[in-house]
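Per-entry structural report
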Amino acid sequence: MKTILVTGGAGFIGSNFVRHIFNKYPDHRIIVLDALTYAGSLDNIPAEIRDSERFEFWYGELNNLDLVSDLVERSDVVVHFAAETHVARSLYLNRKFFITDVLGTQSIANAILKSMQNIERFIHISTSEVYGTALYEPMDEQHPLNPTTPYAAAKAGADRLVYSYIVSYNIPGVIIRPFNNYGPHQHLEKLIPRFITSAILREPFTIHGDGSAARDWIYVEDTAEAVDRALHAPMEKVKGEVFNIGTGRSISVLEIARMIQREFGLDDSYLRFMDERYGQVQKHISSTDKAERILGFKPTTSFEEGLSKTIQWYKDNRQYWERQLPMRQVPVKRPDGSVVWY
Ligand SMILES: NC(=O)c1ccc[n+]([C@@H]2O[C@H](COP(=O)([O-])OP(=O)(O)OC[C@H]3O[C@@H](n4cnc5c(N)ncnc54)[C@H](O)[C@@H]3O)[C@@H](O)[C@H]2O)c1
């Protein structure tokens, strides 16, 4: 039996990863540590997993050093997803992002340092947002880090913190930088669920700027597979390495709005354009070369297929997301001190 500690396992990507590992590896035990913030929910973890003897849930904070040390000490592997994750929210409520994303990561890294004898591997989940707008395309792991929002800056801090612990203290770390994830169980504040649920509710989609900002969108189950590969690849191939996880295809916000509009038979009166977002990343596309070469990872879900599965999930799970409706819009403070809702 191998014990995996998953932080943030009640969130979007973390819960999809828990499901993936639980179903694929009957010899893996999973401990989830999650503070159940507005973004996390035990409903994201199926009852069949929650009730299993191979699963343990701990309600708790990354910055609770004592608890984190105790859980890390009981684990063989740590996969660290927990974070404050919403870019727009970080534009106003940014202090929490540094406390959770940077100091919370340090708390995990310090606990790993204390348990070096039992920790085989530490997978840190960073993000492609650390790169900022693409200076060249596709963006590989050598691309400069130019974070453009407090969220991205906090994640860049965490990413480099983990790297420094690998170099200074030889912790067995691997850094993963996923591009934009989408799929079932994503919070309504994020773009694709917001558009889909707006379409279901027959409400207009709000689009920042002209909608030309483009991203590399990866289906969440593909990300779970990529993290699984990083977890099980020979250590000498991955230790201290950074891996981008993306598809190599970029799609603009407006194109996505149009796909969802078509799917629901909505006309152009449903598209509402507003001011460009502060710190907007304009171009973002992943090089898939390193993940493919070293992890043997290639995403298997096309955007069209992933979007269609995601639309179906939101159609079938209205009860799940309806209670998130008051959190769908996010307050953002303009430089002049006024507050707008994104
Ligand atoms: N969603 C994306 O497109 C994307 C892309 C690249 C990287 N990432 C990264 O992947 C990870 C997971 O993202 P997500 O979209 O699933 O996020 P999410 O917001 O859905 O989930 C985050 C989880 O972390 C928990 N959490 C927050 N603060 C905590 C704390 N102080 N202590 C313990 N738990 C805490 C929350 O309760 C929640 O369950 C994050 O590190 C994020 O930066 C996300």
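Attention now goes to the overall build of the protein. The helix and strand inventory of the protein stands at 13 helices and 14 strands. A compact globule built from 342 residues should have a C-alpha radius of gyration of about 20 Å, and the protein, at 19 Å, falls within 12% of that. When its C-alpha atoms are laid out on the principal axes, the protein stretches across 60 × 45 × 40 Å. Burial status across the protein gives 46% buried among its 342 residues. Partitioning the intrachain contacts of the protein with sequence separation of at least 6 by distance along the chain shows that 82% fall at a separation of at least 24.

The end-to-end C-alpha distance of helix 6 (residues 150–169) is 28 Å, a good match for the 28 Å that 20 residues give at a rise of 1.5 Å each. Those residues of helix 6 not exposed but buried are Pro150, Tyr151, Ala152, Ala153, Ala154, Lys155, Ala156, Ala158, Asp159, Val162, Tyr165 and Ile166. On its buried side, helix 6 packs onto helix 4 (87–90), helix 5 (94–114), strand 5 (121–125) and strand 6 (173–178). With its phi angle positive at about 65°, Asn170 sits one or two positions after the end of helix 6.

Near the ligand lie 29 residues; those nearest to it are Gly8, Gly11, Ala39, Gly40 and Thr127. Where the shell around the ligand is concerned, the elements lending two or more residues are helix 1 (12–24), helix 5 and strand 7 (180–182). The element that contributes the greatest number of residues to the shell around the ligand is helix 1, accounting for three residues. Its residues assigned to classes, the shell around the ligand shows 12 nonpolar, 13 polar and four charged.

Read across the open sheet, the three strands follow the order 7-9-11; overall the sheet is mixed. Each edge of the open sheet carries a strand with a single partner, namely strand 7 and strand 11 (250–252). Here the average twist between neighbouring strands, direction ignored, is 55°. Looking at chain direction, strand 9 (residues 214–219) and strand 11 are connected through three bridges and run antiparallel. Looking at the pairing, Arg215 lines up with Ile251 of strand 11.

Quick look at the sheet that holds strand 6 now. The strand order across the open sheet built from seven strands is 3-2-1-4-5-6-10, with neighbouring strands paired in parallel fashion. With partners counted over all chains shown, the strands left at the sheet margins are strand 3 (55–59) and strand 10 (242–245), one partner each. The average undirected angle you get between the axes of adjacent strands in this sheet is 20°. In the sheet, strand 6 pairs with strand 10 via four bridges, with the strands oriented parallel.

Another aspect to go through is the environment of Ile175. Within the secondary structure, Ile175 sits in strand 6. For the pair Ile175 and Val32, spaced 143 residues apart in the sequence, the C-alpha separation amounts to 20 Å. Ignoring any residue separated from it by four or fewer positions in sequence, one finds Ile175 in contact with His124, Ser126, Asp159, Val162, Tyr163 and Val242.

Moving on, we come to the packing of helix 5 against helix 6. Following both chains from N to C, one finds helix 5 and helix 6 inclined at 15°, their axes separated by 8 Å at the closest point. The angle between helix 5 and helix 6 places the two elements in the roughly parallel class. Remark: the crossing between helix 5 and helix 6 carries right-handed chirality. Across from Asn94, Phe97, Phe98, Asp101, Val102, Thr105, Gln106, Ala109 and Leu113 in helix 5, the residues of helix 6 making contact are Pro150, Tyr151, Ala154, Lys155, Gly157, Ala158, Leu161, Val162, Tyr165 and Tyr169. By residue class, the composition of the contact of helix 5 with helix 6 is 13 nonpolar, four polar and two charged.

Moving on, we get to unusual backbone geometry. In most cases, non-glycine residues show a negative phi, while peptide bonds are predominantly trans. Of note, the amide linkage connecting Glu137 to Pro138 takes the cis form, showing an omega dihedral of -10°. Topologically, Pro138 is positioned in the loop between strand 5 and helix 6. Even without being glycine, Asn170 reaches a positive phi, approximately 65°. By secondary structure assignment, the location of Asn170 is in the loop between helix 6 and strand 6.

The relative placement of two packed helices comes down to the angle between their axes together with the axis-to-axis distance. Orientation of helix 7 (residues 191–200) relative to helix 12 (residues 303–316), taken along the N-to-C sense of each, is 55°, at an axis distance of 10 Å. Here helix 12 runs oblique to helix 7, going by the angle between their axes. The crossing of helix 7 and helix 12 is right-handed. Contacts from Ile192, Pro193, Ile196, Thr197 and Ile200 of helix 7 reach helix 12 at Thr310, Ile311, Tyr314 and Lys315.

Two residues of an α-helix separated by three or four positions point the same way, owing to the 3.6 residues in each turn. With 14 residues, helix 12 ought to run about 20 Å at 1.5 Å a step, and its terminal C-alpha atoms sit 20 Å apart, in line with that. Looking at the buried side of helix 12, the elements it contacts are strand 7, helix 7, strand 9, helix 10 (253–264) and helix 13 (318–322).

With that out of the way, let us pick up the pairing of strand 2 (residues 28–34). Judged by how many residues are buried, strand 2 sits mostly within the fold: six of seven residues are covered. The pairing of strand 1 (residues 2–7) with strand 2 spans six bridges and is parallel. Its bridge partner being in strand 2, Ile4 is matched across the sheet by Ile30. Traced from strand 1 through helix 1 to strand 2, the parallel crossover comes out right-handed.

So, how was this worked out
- Residues numbered from 1 in each chain as written.
- Predicted model: local features only at pLDDT ≥ 70, side-chain atom pairs only at ≥ 80, totals over all residues.
- Helix = DSSP H or I, 4+ residues; strand = E, 2+ residues; numbered from the N terminus.
- Rg over C-alpha atoms; globule rule 2.2 N^0.38 Å.
- Buried ≥ 20, exposed ≤ 12 C-beta atoms within 10 Å, placed from the backbone.
- Contact = placed C-beta atoms within 7 Å.
- Expected span 1.5 Å × (residues − 1).
- Near = placed C-beta within 6 Å.
- Nonpolar A, V, L, I, M, F, W, Y, C, P; charged D, E, K, R; others polar.
- Pairing = 2+ DSSP bridges.
- Axes fitted to C-alpha atoms, helices over the stretch in contact; angles between N-to-C directions.
- Parallel < 35°, antiparallel > 145°, perpendicular 65-115°, else oblique.
- Left-handed = near helix turned anticlockwise from the far one by under 90°.
- Right-handed = clockwise from strand over helix to strand, strands pointing away.

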